[in-house]
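Here is what each chain is made of, one letter per residue.
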Amino acid sequence: MSDLTNLTIKDALKGLENKDFTSVELTEAHIKAGEAAKDLKCYITETPDQAIEMAKASDAKRAKGDAGLLEGIPLAIKDLFCTNGVQTTAASHILEGFKPQYESTVTANLFAQGSVMLGKANLDEFAMGSSNTTSYFGNVINPWKGADGKDLTPGGSSGGSASAVAARIAMGATGTDTGGSIRQPAAFCGVTGMKPTYGRCSRFGTVAFASSLDQAGTFARTVEDNAIMLRAMAGHDAKDSTSANREVPDFAAAMGGDLKGKKIGIPKEYRVDGMPAEIEKIWEQGIEWMKDAGAEIVDVSLPHTKYALPTYYIIAPAEASSNLARYDGVRYGYRADENILSDMYKKTRAEGFGDEVKRRIMIGTYVLSAGYYDAYYIKAQKVRRLILNDFLAAYEKCDVLLTPTAPSAAFAIGENEDDPIKMYLNDVFTVPASLAGVPGMSVPAGLDANGLPLGLQIIGRPWDEEMVFKVGGALEEAANFTALPHTLAKKAA
Amino acid sequence: MAYLIEGETGKWEVVIGMEVHAQVSCNSKLFSGAATAFGAEPNSQVSLIDAAMPGMLPVLNEYVVEQAVRTGLGLKAQVNNMSVFERKNYFYPDLPQGYQISQMVYPIVGKGEIEVDLSDGTTKTIGITRLHLEQDAGKSMHDQHPTKSFVDLNRSGCALMEIVSEPDIRSPEEACAYLNKLRMILRYLGTCDGNMEEGSMRADVNISVRKPGDELGTRAEIKNVNSVKAVQMAIDYEVRRQIELIEDGGTVVQETRLWDPNKGVTRSMRGKEDAHDYRYFPDPDLLPLHVSNDQIESIKATLPELPDDKKHRFMDGYGLSLYDASVLIAERHRADYYETVANDNDTKLAANWVINELLGILNKNEKTLVESPISAEQLAGLIKLISDNTISGKIAKDVFAIMYETGDDADKVVEEKGLKQVTDTGAIEAVIDKVIAANPGQVEAYRGGKDKLFGFFVGQVMKETQGKANPAAVNELLKKKLG
C-alpha cells in the first residue's frame, strides 16, 4: 500500500490540483496495487493501457485548467456498465467477448468529469447474488479474512467493486443496486456504498437485471468521496424514460455540522428474529452516536417490512425473465452450435446462463404465467406500493432511518450456497428501500468479534440524498472506522 | 338485406371481426430514432435499441402518440388520458428483445365507430373496440442461403396501430367496405399510407358462423390477408369450410389459420393448445403514458374534414347523389380536386366531368389523379365555357380530349381550333334556310306529321356548323322555320 493508494478521492483531487503528483502516477500506483492483489479477482477485465492513456489525457486537461469533478481519479467500473470497445460481460458466459460499440450514460458522465477506468469489476452473474459466487469468471475474494485466514465473500452483487475499494486498488468504484447490491458488499468489505433514489442515475447502457429496481451508485472509502462521485455520474438522461429531470445537487456541500433538529427513525420491524447480538450491538451503538451528534431518535414502524423479501423475489425475477430474453444467441454473445432454431435457443441459454440466473428466469416466468400473474405479480405490485407508503409515513416523523445493512458480517465462500432462501435473507434490510426506490447508504461502523467490518444503513427520503450524506458523514465521524483489511494490515505490519 | 349462406341444414349467418395493423406514418420508430423508409437495404435502418443491444432502453416517440390520438379522433373514439405499454414475451429471431412492446390492459384509444357504405345504397355502422400502439417485428428471410435463415431488422420497432373492430361485420362485402373505409380515414388523417402491398396495412380476420339468432360460434383467426380482394376470398373460403365442417357433424376449433393466396385456401397455423402464454406485464422501462385533454383538443383542432362529413356536405351542399359524393370523397386529393373544379361552376356538371370524363380516361390509361395532365383549374375553365355557352357540351368533349393530350387550357384550344359556339341567330337562320332548301322531301314529310324527323334537321344544322351552333338556339329556330 503506497501513500497514493491510501488517499481519499478528495485528498487526491487536492494533490493533483497542487501538482503533488499526476494522474498518471496515481493511476500507475493503483495498477501496481491491482497486480499485487490479483488473487482477489476484483476484475473481469483490466484495462491498464487504456487507464494510462486516460490518465495522460486527464493530466493534459487539468494542465489546461479544464479539470472536471473527478479529474484524474482512477476508478473500477462494475462490469454491468457497457463501455465502448471494452468487453462487457455482466459476469456471464453468455456475454463473454461482447464489446459494446456504445458507452453507458453513467460511465460517459464519469469520463466526461475526468475519471480514469482501471478495469471492469467482477460481480454476480447479471447482478444476481449476494456473495459474488455466481460470477462465471470466478468469485471475488474479500480482502478481510475469516478466522484461520479463511477466504470470505465480498458480498454481492457489486463484490468486485467493494473489494477493489477496500483493498486500495481503486479509489472508488461504480456499483448497481437492485436489492442491496451496493450496500451489502460495502458493509462486508468495510467501505461506504451509496444507492441513490431510483431515477437519479441513468440506466442507459447498464445491462438490465430488474428495470424498476436497478439503480447505479457508488463505492468509496469515505462518505464525502461517495458524494463527489455521485455528483459526477448522476443526472437526467433523455435516453432513459425513468431517469428524473432534476437538478443534481452538490451532495458534499450538504455535509458537516451537527445533527441538531434532525430526527433519526428506528424502524422496529428491522429487529428480526435471530439477529446476531453483534448486529444488535452495533445498531445500538449507532443510535448512541446519533444522539451524541444532537439528533433526536424516533421510533417508527414500517409494518409491511416482512413482505418485502417475498415481494422482491417476485418482481425482480419477473422483470429479469423478460430482460434476459434478448440473450438468445442470435445477434451477439455466446451461441451454441445447433441447426434447429429451438435447439439453438435452448442450448445457448442452458450453456450461457449459470444456475442462479436460470433459477430466477424460471421464477420470473412462473409468476408472469397465465393463471398466476394476478396472484403473484399483481399482488406483489400492490404490496410494493404499501411498502413505499410505509416509508412515506415514517418520513412524516423523521428525516432518515437508521438500520443495520446486513444481518451478518461477511461469510465464508461456499457458505449459504446450499440454500437459495438463506442466501436471499442477506438482503432483508436492503430490499425494502429498493422496492420503495428511496436512497440508502451503508457506512462502516465497527468490527465484530472476529475483526470483520459491520455496516449501518441510512435510508432517506426520495430525492433527499443530501440528508443521507449529512447523517452518513456524522455517523462516519463518530465511528472513526480506520481498521484495515487483513491483506493490507499484513503488508503494513 | 341480410347476407345469409344457404347450407344443407338451412341458412347461416356470418360473424366477422377485424384486427388491422396499420403502420404509423412517421419518419422514426416507436421507441428509437431509426428511419422507417420502405425498401431500404436490409439492416440499414436499425438502431441499437431496435437490435436490443444490452442496456438499451426505449424512449417513446411523441409524434407517434399524436398520430394515434389523431386516428382515435378520426374513428370518433374515446382517447384515453392514461395508457400503459406492456411487454408481450415470446422468442423469435426477428424479435430481438424477446418481447414486443404493446398495449394490453390500457390502450391509448377505446371505443369508436366507422360508417360504411354498401352497394345497395345503405350505410352501416361498425364498432371499433380499441386502438393500441405496438412495435412491429423484423423480417426473417429464408431464401437467401441454402441452409441458413437471415434476419432483416429494418421493420423491427416500427410503430403500428392495431385497430380492432367489434364482431359487427356480417358479410364479405361489409368486411371489404370496412377495410376500404378505414384505409380512407387513415389516409385522410395522414396517419398511415394504407399501402397493403408494402405491408403498411395488414388485416387479420376473425370469422365464425351461426344460425341466425343463435349464440356466437367458435371463431378462427385468419392471418396474412394482405389485400381487400384477399379479404373477400378468404372469408368466402373460410365460411364455406366452417359450414361444411359443422354440417358434416364436426366442430370448429378456435385456432389461427393462414390464408394461402396461391391455393386460395386457409390452413391451420396453430391451435389453441399451441397458443403462446405471452406473459404480458407493464414495461418497467416506460412510464404510463398520459395524454391531457388539452393535448387531445389541440390535436382535434388540426383534424381535416373526415370522409363521411365531406360526403354529407357534398350531398347537402352541392346537391350530389350518394354515389357521386362517395366516388369523389374516396381520396382526399380527389375531393379537393373536385371542389376546385366546382368552385364558381355548376356543381353537378363539375361532378359529372370529374367522375365520368376525367376519372374515366385516367382509369383507362391506368393513371392516378395526381398524374392528370389536366389540372383542376383547367377543368374548371372548360366547364365555365360550357356554362356560358361559349361551347356546347359535345364540343367540350373534343376540347377535353385535346387538353388531355396537350395539357393546354380550354380557352386556348377553343380559340386555336375555332370551336366557339355560334349563338348569332342570323348565322344559324341562314344555315337552317340552306338545310330546308336542300331537303324538300324531308320538310314535306315532317310537316305531314313525321315529328321524328326533327332530329334529322338538328343533325344537318350541326353538321353544317361543325357542331358549333348553340343547340338551344338551333332547336328554337328550327321549330319556328319548319312551322
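These numbers were taken from a predicted model, which means no experiment stands behind them.

A. Focus on the interface of chain B and chain A. In this complex, chain B contributes 29 residues to the contact, which on the side of chain A involves 37 residues. When chain B packs against chain A, the two sides together hide about 2,700 Å² of surface, and 60% of this comes from carbon and sulfur. If you sort the residues of chain B by the area they bury against chain A, Pro54(B), Phe91(B) and Arg279(B) come out on top, with a joint share of 22%. On inspection of chain B and its partner chain A, the count reaches 17 residue pairs in polar contact (both at pLDDT 80 or more). Of all the secondary-structure elements, those providing two or more residues to the side of chain B that touches chain A are β4 (85–89) and β15 (281–282) of chain B.

B. Here's a closer look at the pattern of salt bridges. All names here are of chain B. For the structure on display, the rule yields 56 salt bridges over all chains. In this structure, Glu-6 engages Lys-11 in a salt bridge whose closest nitrogen and oxygen atoms are separated by 2.8 Å. For Glu-6, a relative accessible area of 48% corresponds to the partly exposed category. You can call Lys-11 partly exposed: its relative accessible area is 42%.

C. Summary view of helix α11 (residues 410–417) of chain B. All names here are of chain B. Looking only at α11, the buried set comprises Ala-410, Val-413 and Val-414. One face of α11 carries all of its buried residues, which in axial projection span an arc of 95°. When the buried face of α11 is taken as reference, the exposed residues oriented beyond 90 degrees from it are Asp-411, Glu-415 and Glu-416. Two residues or fewer after α11 comes Gly-418, characterised by a positive phi angle close to 60°.

D. Structural context of the layout of surface pockets. All names here are of chain B. Its boundaries defined by the atoms lining it, the second largest pocket holds a volume of some 920 Å³. As for the second largest pocket, its lining consists of 30 residues, and the residues nearest its centre are Met-184, Ser-326, Val-327, Ala-330 and Arg-334. Examining the composition of the lining of the second largest pocket, we find that 8 residues originate from one element, helix α2 (residues 172–189), more than from any other. For the lining of the second largest pocket, the per-class residue count stands at 15 nonpolar, 7 polar and 8 charged.

E. Broad picture of the sheet that holds β4(B). Sheet architecture is open: 3 strands sit in the order β5-β4-β15 (chain B), paired in antiparallel fashion. Each end of this open sheet is capped by a strand with a single partner; those strands are β5 (99–103) and β15 of chain B.

F. Spotlight on the pairing of strand β7 (residues 123–135) of chain B. All names here are of chain B. Where strand β6 (residues 112–117) and β7 come together, 6 bridges link them in antiparallel fashion. Across the sheet, the residue bridging to Asp-117 is Thr-123, located in β7. In textbook terms, the turn of a hairpin is the stretch between consecutive antiparallel strands, and for β6 and β7 this stretch comprises 5 residues, one of which, Gly-121, has a positive phi near 90°. Examined bridge by bridge, β7 and strand β10 (residues 159–165) share 7 bridges and lie antiparallel to one another. Within the sheet, the bridge partner assigned to Gln-135 lies in β10 and is Ala-159.

Quick notes on the rules
- Residues numbered from 1 in each chain as written.
- Chains lettered and ligands numbered in written order.
- Predicted model: local features only at pLDDT ≥ 70, side-chain atom pairs only at ≥ 80, totals over all residues.
- Heavy atoms only, no water.
- Contact = heavy atoms within 4.5 Å.
- Buried area = accessible area lost by both parts, 1.4 Å probe.
- Polar contact = N/O pair within 3.5 Å; in protein donor to acceptor, adjacent residues only side chain to side chain.
- Helix = DSSP H or I, 4+ residues; strand = E, 2+ residues; numbered from the N terminus.
- Salt bridge = Lys/Arg side-chain N within 4 Å of Asp/Glu carboxyl O.
- Buried < 20%, exposed > 50% of the residue type's maximum accessible area, 1.4 Å probe, protein only.
- Arc of directions from axis to C-beta.
- 1 Å grid on protein atoms, 1.4 Å probe; cavity = no way out; pocket = protein on both sides within 12 Å on 5 of 7 lines; lining within 4 Å.
- Points joined across faces, edges and corners; volume = space filled by probe spheres on them.
- Nonpolar A, V, L, I, M, F, W, Y, C, P; charged D, E, K, R; others polar.
- Pairing = 2+ DSSP bridges.

This is a description of form; function is not addressed.
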